[in-house]
Each structure stands twice: as structure tokens, then as C-alpha cells.
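Okay, here's what each chain looks like letter by letter:
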Amino acid sequence: MTAVDDRPKTEIGSARKRKEDQRLITGRTKWTDNIQLPGMQHLAMVRSPFAHAKITAIDTSAAKAAPGVSLVLTGEDVKDIQGSLPNAWPITADQKAPPHPSIAVDRVAFAGEIVAVIVARSARAARDAAELVDVDYDELPAALDLKESAEDAVLAHPDLGTNKSAFWQFDSADAGTGTAVDDAIATARDGGILIEREYRQQRLIPAFMEPRSFVCDPTGEQLTIWSSTQVPHFVRIFTAATLGIPESKVRVIAPDVGGGFGGKLQYTPEEVIVTLAARKTGKPCKYTETRSESLLSAHHGRDQWQRLTLAATKDGTVTGLKVDLLADMGAYLGLVTSGVPILGAFMFNAIYKFPAYQFNCTNVFTNKTWTDAYRGAGRPEATFAIERLMDELAAEVGVDPMEIREKNWIKHEEFPFTSVCGLEYDSGNYEAATARAKELFDYDGLRREQQQRRDSKDRVQLGIGISTFTEMCGLAPSRVLGSLSYAAGGWEHAEVRMLPTGKVEVVTGSSAHGQGHETAWSQIVADRLGIPFDDIEVLHGDTQVAPRGLDTYGSRSLVVGGQALVMAADRVIEKAKPIAAHMLEASVDDIEFSAGTFKVKGTDNGKAMAEVVWAAFTGHDLPEGTEPTLDAEATFDPSNFSFPHGTHLCATEVDTETGAVKIRSYVCVDDIGNIINPLIVEGQMHGGIVQGIAQALWEEAVYDDQGTLVSGSFVDYTLPTSADTISFVTDNTVSPSTSNDLGAKGVGEAGCIASTPAVVNSIVDAVRPLGINDIQMPCTPERVWRAIQSAGSTQADPTTGSAQPHFDEGAPNQAPPDPSSSASAEGAGQ
Amino acid sequence: MIPAQFDYLAPTSVADALSALAEAGDDAKVMGGGQSLLPILRMRLNAPEKIIDLGRIEELRGIRDEGDHVVIGAMTTYADVLASDLVRQHAGVLTDAITEVADPQIRHRGTVGGALVHADPAGDVGAPALALDTEFVITGPGGDRTVAAADFFVDLFETAVGEGELLTSIRIPKHTGWGSRYEKFVRVAHQWSIVAVAATVRVEGGTIAEARIGLTNMGSTPLRATAVEQALVGRAATDDAVREACAAAADGTNPPSDLNGDADYRKHLATVLTRRAVLAAAGG
Ligand SMILES: Cc1cc2nc3c(=O)[nH]c(=O)nc-3n(C[C@H](O)[C@H](O)[C@H](O)COP(=O)(O)OP(=O)(O)OC[C@H]3O[C@@H](n4cnc5c(N)ncnc54)[C@H](O)[C@@H]3O)c2cc1C
């Protein structure tokens, strides 16, 4: 009988099913909320219903007396110990920011801010008691509209004296990376083409699948915090920094985490509060938010006004771009709130060769939930702006929008290319990705159909949208982060542990929350060390197991963490070689390693890795001075970003009678360098594309004129499901990155960055002959219809800030809530 | 999302349910499939002391053929109605509408009676029930009374079902051989109707002989577009002929303005969707 070896020749490149999915899909894993500890207490939050108000009194006596309640905390109780939540990215030396309390002390600055905390024996007892807390508020005027707030019409934080947190500029002439943009604009105004537009990046909610949950156990020597976070290492550092607990006394565990999209890249009030409650009661404490609380108070994303000026010559050669952003911070600065728009600063020039560029950004406070990282963080905003502008330029010149891009983009033979922002794009081939995408899309055929529909005045018009995007990812070279005043570095860590029985444990500092690290990391090590895929266990997300790391965001895990892993694996081989040489009675220089075996060059004489591991483990007969272990670790700090790119093409059908938009086909060809696992890549692309389409068509966090979040549940925050999407056609071209040995570029955000402008471009393309050159996002049927009705005017109505009640309390046969069991009129339920 | 504490009763007959209701008075809530009630409780918009679950009352379930009428018990689930050939054959527009309600999980729990009593103007079964001239059988301590569809829907979340009463069944006059269509307009698939139109039409030799049209979410109750119904009679089932008649679909309506659309847009949608629904019902 012959054994059949069905293993792929190389693991890298094979579409392995994800090893973590068994436990994730069957519900066998433990999420944070599943954790039960002896004596555990449960928390419920009382949150402000007002956007901006003074707290004049809080009566907690009824709550304290309620059954099962062990502790009630208000801001007054903890004001001297709760510290201020951290902002790790002061973008300017004079950045303004208010103190950021976890529990509001005497003033609330957004609806949803925590004003009191109940700690009780059960989650129900805590929730019941929360209804009994009576808070008196004096309402203050609220700063809500971003533009008005930028004018300091109403102050979000009166003590700051202004709503402007910071102004940040990049100017290519000042930086010496290009010429002066105002000259380019002046020239274009006089005989060239000048495109001036204002685009809105609406406010979005990350809406991860697993609501946030936190547990703190104070009973051991180390305080143990379980958190559904993307960043356990940050949570550890900031628990120490915020609460003054020695870092060595804190252990943070991120167990399996159900998605984040940047929304769990945070150190949260709830983490502080659970820790304070645990220390005060001496008992393990847990808080799990409801979906409503999650939508209301977990950080939001995007929310910018973009004023853009593009200068070009008559033939459509771009000569300069000027960007003026207003960015809505919301009420506070979270971990990287202030830096998110800056992450886009270097991407407005995208794949194009602009001689002059200027980026200006004003960060503005309002009395709304604070914003922070959301998938793409800064780069979707930039990509949207430039890809929309390239379409506008094409319309102005009167050529196909693809032609205008080809005219301006960096040619394949021009790589490596230093952009007008001074970034060195190491590799790329825009021509190849575009050619393949056009072929898969039947670009010319669809253009013909579009013309036919235009000619026949078809009720349903066809639009074609292009997005030839790039992004900078693999965050990030620590030196660059330092020059941008970011408080941390961008390196990543890995460790390879060779177990005596031949199995391997891999430790990564990049804590995954659904990306599939366990599978991809196993594939890398399998090839590197010649170990079977199934013999490799990938560990992460526990600061006791993986003490060094900077976690998962910014499409960094593979390009930075993967490279650390490659280096650690190579160190294992280097450590093994002298032992193998000793065992083989050969010189180290004659030993070569391949496919899991150390061989004496030119002979069949060899030792398998497992034999060398065992020899190292027993230590019985090692060469003089050799460490009895092959375990190795490495920390990698990249010298450059990586620059994935791709061509995304979207065809939409626009019903001109109702304004409804239907996606007809979607093709993308992405160049993300070498691919470790095509199945994981496909998954990341599909999810990302839908998330980007959702910004274009569906999602918006809407506040009413009182500062109440109207889209506060999934009834009104219209998250798409699979029923709303189509099958995407995805493919890849490969230009390996030169910044890491894997040649990988990162794919976590690509789809989300690329798809939004492709969709909006296609809608505008469908109705452009009617005199329309913009439709504000989300492009709801109503907005599209109104644009058609008032063709030519780009004035967009803001979304009406009210929602229809479907679960109204006034329904028949429904007594109104018993006043004795609920909070008073000013009292703050949920 | 934890409701306040309540007592739970699950009577097995209508008589027991009525006496439990009478005894508890204001403090009780009746539960059908719970798909509206449970969210209300979990969001603590209401905190009744007692929940009377109708789920164990067999006599409230099922679909019967009663000559000129199809009778549907109040506790019959959406899923059961969807599976019923009787309904499909004689009241097709109800089947059409229910395929558009929420998702399969909710359709396996939610009941037609619960949905009608809940009377959300954006709910999908009110308009077809109205269009089909449904009769509502309401049972109270004094016995049954039958209410015409036009009198059943009183206002937003308010029907003719009084305190201490139950909706026990609905009786739909058979519309055998009528074409039907429910045009539901939403932004994402799982949404409540922004606007929807229920149309059922009888065509004789290419001409519309009779038409019934109900509008969803065009006011505080489902509405009947009677002017359009009359204007359609005798018209050819063609785009041009129907378009003119349907232009009046939004006359006299008072739709809401909210983040899914302002009132004027909804009125416009109503005319477009009515035309599309009628044409599909008549031809397709
Ligand atoms: C996520 C979600 C999406 C939804 N989407 C849609 C949609 O797209 N379209 C749509 O139409 N609906 C939708 N619904 C609403 C759903 O259809 C209704 O909740 C459901 O049909 C109500 O029926 P029920 O049996 O669940 O009633 P329940 O929730 O049990 O009761 C509703 C009300 O009726 C009363 N009641 C129930 N039965 C009786 C009776 N026999 N006599 C007297 N009073 C009674 C109850 O006391 C309560 O006040 C959705 C609901 C959810 C949760």
C-alpha cells in the first residue's frame, strides 16, 4: 500500500480552509461574554440621553437599595482615580483636547456618554437597577453640524474656547517633494481646467458582529482583563497608564473576537469602568453592551467635508491638487481619532503623478459620539475624493474616464516611484490590473449597452464606475510614525517554539479578530520549516503568551507580522544548523536545509528537523557552548509601507423613475503582491467590497437636531445582508512587494477603500447626461430621484433626522410603562 | 436587552385567555408570535406585569375553506399562510405580500393576527387585507363581532380590537382568478416598507374589469386607493392606459417623512408602484 500525500507542494499559495473556522462556526469557542467566573458581578450603564448637558444631581439611592446591587458608581465617585482616556496621536504640538473621563463627572458631551454604573449579582438585576437612577440635567446648546461647529457657532466644550482641535498641513513645495499648488491652480484658472468640488464623507458605524464585552478579574496577582478588542497590547499599556497600575500587574486576553473593522482599535470607557468596578468590589466584573449601546457609543467612523481643487491642462494632465478637510472628531479624542484624517493625507494623489499637492485638515469637536479608525481609516476618504475627481476631469475633457487615468498614472516601468508626498511606491502594474479587469467586465460591451439605453431613453439607465486605487498599508515604519507624532511604533513580533515532539507553536503579537492568522501563519511556517500544516499551532491575543506585539489594524499583520515570523523561522534554522552539523559530523558550512531536512551538501546524509529538535531538547550531546533550544523570536520594523493597488469596475442600473440603484456587475483585479492563501484573500475582498458599497448606498449614522442618534438600531442603520449584494468577480495580478520577504502587500482594507468611489462613479455616470455631476452618499433612491428631478443642481438634502417607530409603546393593548419602575422624565434609561 | 420581570400565562382556549385578560386588566399583554412584542419588552418600551401567550390555543391556528371565504386563524404564522394553496389561489395578494415580510425566522414566529393588531402602518399585511375586503372576527367576553376592513384600522398602532378582546380570525372573500402583485419598495432587503402597494386585478379579455388597491405606509393606517380602482375599470391593461389612472394613487394620502424618505417622495413612489403593481397583476 502506498500512502497518498495529498499535501499541496507549497502551503503558500494554497487555498487552505481556515483552521480556526471549525471552532468559530460551530460555536465551540468562548467569546468574552461566555466567560463565567466564581462570584462574578455584572455591570449596566446609565447613559446620557442628551448631547450636551450639565449634570446637576444624580440620585442613586433607589438603585443602591435594589435587589442584588453591590455597587453604584458615578463620575463623582471615581473622578480622582479614573484618569483620562488616552489619545495616542496628538497631530500637532498645540492640539486641543478636553479631558476624557470614562464616567462623566459634571457635564455630558454626547448622547450615550456614561453617567452612572450599576454593579450587581446578575445582568438583569443591574439592568433593573439602572432604571432607578435619577439624573437631573440642565441642557446646554449642542454643537452638531460639522461646518457650523468649525465656525465655533456653539461650543462642544465651552472650556476649550473653540471647537477646533488642530490644523494640520502637508505642502509639497514646503516638503521639497513637489511644486506649489497655488501656482498650478492659478495657471489652470487661466486657460486650463479647474475642477472644484465639495464631497461629504458621511458618518458611519463600524457595526462589528460581536458587541463589545469586557471582563476584569482582580483576584490573582495579575489583574486579568478579557476584552473583545483588536489591541490587547494597547489595552495593557493604557490600563497601566490611565489607572496607574504597574503594567507588570496587568494581563490582557483578547479571546476569539467577532470582528472589529477598526471599531475595536480603542481603549474604552467600559474597559476602565470594568477594571475600577473589579478593584472596588474585589470580584470579577463583566460588562457586555447591547446592540443599541454599541451603535450609540462605540466609536463611529469617517464624517468629513472635503473641499477639493484639481488643476489640469486642457488635455487632462493633472498639474496639482489641493485638499481642504473638515474632520468631525465627535466629542472626544479617542486612541487615534485625530490621526485618522492624516492617514489619508498621503493618498489623495493615489496612483497619479501630480507635480503639486497640498493637504489641509481642520479637526473639529462636536457633541456627537467620537469618531476613530474605521476600515481603511483616512484612505477610503482620500480614494473616494480623487477617484470621483478623475471622473469629473474626464467629463470636462470629454474622454472616457479610464483614458484620463491612464494619462496620469505611474507607468509600470517608472517603479520604484517617489510620489508627490515623498512616499516610495516600490512596485505595481496599473496597466496589467486594468487590462485584466476590463476584459473580465466586458468594458466595451457595457459601454455599448449604455449608449443604447441612452439613445432609447430607457427608464433604466446603465452606469459604469471605475476606481483605480492604491493604498499605503503595512502600518508602519516606526520612524515615520514618530515623525507624525504618533505615540507608538509600528513593528511586530513573532516567536517560533519547537516542541520536543516535533510540533510547533507560533506566537504572533498581531492579535487577530477574524482575519485567519492561524491558517496563514501556519502556511508560512509549514513551508519555511518543512513542518506539516496541521502540526502548527498559532497562539495570540494573550499578553502572557504573546507579550510583545502591536496587534491588528491597517492591513499590517502579514506584511509586518508575517515578516517577523519569517525572520524567527529563519533563526530556528540557523540555531539548528550547528547541532545538525554536529550530529552529521560535518562542518556547519556544509549543511543545507530544505523540505524539513538538514543535509550535508552533495550527499544524502541528513537529519530531519524533528531529530535535531529532539537533540536540542535532551541536550545530551550538543556542540560546546550551544543553547539547548531551537526556539527563536524576531521583531520586525518595516522600512517602508506597502502599496497594494487594483482596478475595480462597477456597473449599476439606475431606475430613473424611483431613483433605485441596482448593482449589475462588479469586477476587481487587485495586486496585493504574493498571496499566502487565496481563499482568505477572496473573503477579505468580498467583505471589504460590501462594506465600501454600503457607504456608497446604504449606511449613515443620522442625528436629529437635538443630537439624538436616530439610526440607533439595525432597523434604521441599514446594514446590508447577502440578500442585497451580488456575486463579485475577483482576480489578481502579482507585483511582489519589496518591503518584506513574503512579497506580500496586505488586503484587509483594499475592498473597502476601492469600492465606494466605483459605485458612486457608476451612478453619476448613469445620470450624467441628465446634467448631474454628483450625488451625496449614501446614494439613497430618494437622493438619486431628487437629483434627477432637479438635474444640474448639486444641492443635497441632509437625511431627515427622524425614524419611524415600529415598536412603539403606544400600541393598543399595551399599557404605558409603569412610572414607578422606570426612570423619571429627566432620568436616563437607555 | 433584558425585559423587566413579568408573569407568564399560556391558556389553551380562547375562553381561558379572555378570562385571564379580564382578570388582569390593564397590566396584561397578549402575545402572538412575539415578533413585535418581544423587542418592545427587551428595549423596555413597555413593562407589563403579565404576558398571556396565545401560542397554545389550537383553535386560533389554521386556514379553512368556508365557501365564499378563506378563513385564517389569528395565530396562523406567516409561514403557514405562505405554504397554503388555498390562500394563494383565492387571495394571492396576501401571499405575495407575506413573501416580502422580514426574513424566514420571523415568518416562522410572527402571526397574521399579531401583525394586524399591531397595526404598524409600514407592516405588509394591512394593505392586502384591506384590498381584499377582509372581515375581522373580534372576540370578547360578550362573544364574537365582525368588523369590516375599512373600520378595523383606526390609527397608528390602533385597531378596532378593544381592551379585553382578541382578534380570533380573519375572513377573506375569495378573489379566485384575480391577478395579484405586491410592490414593496425598500433600500435593503430586510427593511420595513418605505412604501408598498398591494394590487389585485380581474382582467376580462385584456380589459381591467375590477381592481383592488391597498397602500402601505402612506398614512397612519393602510389605505385603499378607491379612486384609482374606479378609474382602472374598463381600461386596457397597457402601460399608457394604466399610467393615467394610477397618477392619482397618492391623492388624499398623508405619508410620513423620515430618514427613508420625505412625504413628497413617498407620494411619487406610490404612483409609480401602483402602476407597476397593477400592470403586473393584470398581465404578468
Ligand atoms: C427584525 C424584524 C423585521 C421585521 N420586518 C417586517 C417587515 O418587513 N414587514 C412587516 O410587515 N413586518 C415586519 N416585522 C414585524 C412582524 O411582522 C411583526 O412583528 C409580527 O408580524 C407581529 O406578529 P406577532 O404574532 O409576532 O405579534 P406579537 O409581537 O406577539 O404582538 C403584536 C401586538 O399584537 C397584540 N396581539 C397579538 N396577537 C393578538 C390577538 N390575536 N389579539 C389581540 N391582540 C394581539 C400583542 O399584544 C401586541 O400588542 C418585523 C419584525 C422584526 C423583529
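These numbers come from a predicted model, not from an experiment.

What follows covers the overall build of chain A. When helices and strands are counted, chain A shows 22 helices and 28 strands. With the principal axes as the frame, chain A shows a C-alpha extent of 85 × 75 × 55 Å. In chain A, which comprises 830 residues, the proportion classed as buried is 61%. In chain A, the proportion of contacts linking residues at least 24 apart, taken out of those at least 6 apart, comes to 79%. Of the roughly 29,400 Å² that chain A leaves accessible, carbon and sulfur atoms contribute 50%. When the 72 basic and 112 acidic side-chain charges of chain A are each reduced to a single mean position, those positions are 2 Å apart.

Turning our eyes to something else, we now look at the overall build of chain B. Broken down by element type, chain B carries twelve helices and 14 strands. At 19 Å, chain B has a C-alpha radius of gyration in line with the 19 Å of a compact globule built from 284 residues. Projected onto the principal axes, the alpha-carbon positions of chain B cover approximately 60 × 45 × 30 Å. Counting the 284 residues in chain B, one finds 56% classified as buried. Put simply, of all contacts in chain B between residues at least 6 apart along the chain, 61% involve residues at least 24 apart. By element, 47% of the accessible surface of chain B is carried by carbon and sulfur atoms, the whole surface being about 10,900 Å². If the 25 positive side-chain charges of chain B are averaged to one point and the 38 negative ones to another, these points end up 5 Å apart.

Now for helix H21 (residues 750-767) of chain A. Taking 1.5 Å per residue as the helical rise, H21(A) with its 18 residues ought to reach 26 Å, and the 27 Å between its terminal C-alpha atoms agrees with that figure. Counting buried positions along H21(A) yields 18 of 18 residues, so the element is predominantly enclosed.

A few words now on the side chain of Arg200(A). Residues and elements named next belong to chain A. Inspection of the secondary structure assignment puts Arg200 in strand E8 (residues 193-204). A polar contact is formed between the side chain of Arg200 and the side chain of Asp303, at a distance of 2.9 Å. A distance of 3.3 Å separates a polar atom in the side chain of Arg200 from the backbone oxygen of Gln304. Sequence-distant contacts of Arg200, defined by excluding residues within four places in its chain, comprise Leu146, Asp303, Gln304, Trp305, Gln776 and Met777.

Let us look at the site of the ligand. Around the ligand, 33 residues are found, and the nearest of them are Val30(B), Gly33(B), Ser36(B), Tyr78(B) and Thr111(B). Around the ligand, the nearby residues trace back to chains A and B. Contacts to the ligand include Lys29(B), whose side-chain N or O atom sits 3.1 Å from an oxygen atom. Residue Thr111(B) places a side-chain N or O atom 2.6 Å away from an oxygen atom belonging to the ligand. If the ligand stood free it would expose 960 Å²; the protein chains cover 93% of that surface. For the shell around the ligand, the secondary structure elements donating two or more residues are strand E2 (28-31), helix H7 (112-118) and strand E10 (166-173) of chain B. The element that contributes the greatest number of residues to the shell around the ligand is H7(B), accounting for four residues. Residue composition of the shell around the ligand, by class: 16 nonpolar, 13 polar and four charged.

Contact with chain A, which involves 50 residues of that partner, is made by 50 residues of chain B. Carbon and sulfur atoms supply 54% of the area buried between chain A and chain B, which totals about 4,200 Å² over both sides. The tally of links from chain A across to chain B stands at six salt bridges. Between Glu657(A) and Arg275(B) there is a salt bridge, and its shortest N-O distance comes to 2.5 Å. The set of elements that each furnish at least two residues to the side of chain A that touches chain B consists of helix H4 (123-130) and helix H22 (781-789) of chain A. Broken down by class, the residue content of the side of chain A that touches chain B amounts to 22 nonpolar, 14 polar and 14 charged.

Residues and elements named next belong to chain B. Strand E11 (residues 179-185) sits mainly inside the fold: five of its seven residues count as buried. Sheet topology note: the E11/strand E12 (residues 195-204) ladder contains seven bridges and is antiparallel. Bridging across to E12, Tyr182 finds its partner in Ala198.

Here the focus is the confidence of the model for chain B. Any segment with low pLDDT has predicted coordinates that should not be analysed in fine detail. Across chain B, the average pLDDT comes to 97, with 100% of residues at 70 or higher. Scored as a complex, the prediction yields pTM 0.96 and ipTM 0.96.

All names here are of chain A. Most of strand E15 (residues 357-365) sits out of view: nine of its nine residues are buried. Where burial is concerned, the two faces of E15 agree: the one with Tyr357, Phe359, Cys361, Asn363 and Phe365 and the one with Gln358, Asn360, Thr362 and Val364 are both buried. Two elements, strand E7 (residues 164-171) and E15, share seven bridges in a ladder whose sense is antiparallel. Within the sheet, the bridge partner assigned to Ala166 lies in E15 and is Asn363.

As a further point, take the domain arrangement of chain B. Splitting chain B by domain gives domain 1 (7-51), domain 2 (63-172) and domain 3 (182-281). Placing the centre of domain 1 of chain B and that of domain 3 of chain B at their C-alpha centroids yields a distance of 36 Å.

About the criteria used
Residues numbered from 1 in each chain as written. Chains lettered and ligands numbered in written order. Predicted model: local features only at pLDDT ≥ 70, side-chain atom pairs only at ≥ 80, totals over all residues. Heavy atoms only, no water. Helix = DSSP H or I, 4+ residues; strand = E, 2+ residues; numbered from the N terminus. Buried < 20%, exposed > 50% of the residue type's maximum accessible area, 1.4 Å probe, protein only. Contact = heavy atoms within 4.5 Å. Areas by Shrake-Rupley, 256 points an atom, 1.4 Å probe, with all protein chains shown as cover. Lys, Arg positive; Asp, Glu negative; His and termini not counted. Charge placed at Lys NZ, Arg CZ, Asp CG, Glu CD. Rg over C-alpha atoms; globule rule 2.2 N^0.38 Å. Expected span 1.5 Å × (residues − 1). Polar contact = N/O pair within 3.5 Å; in protein donor to acceptor, adjacent residues only side chain to side chain. Near = heavy atom within 4 Å. Nonpolar A, V, L, I, M, F, W, Y, C, P; charged D, E, K, R; others polar. Buried area = accessible area lost by both parts, 1.4 Å probe. Salt bridge = Lys/Arg side-chain N within 4 Å of Asp/Glu carboxyl O. Pairing = 2+ DSSP bridges. pLDDT = per-residue confidence, 0-100. Domains from an automatic or database assignment.

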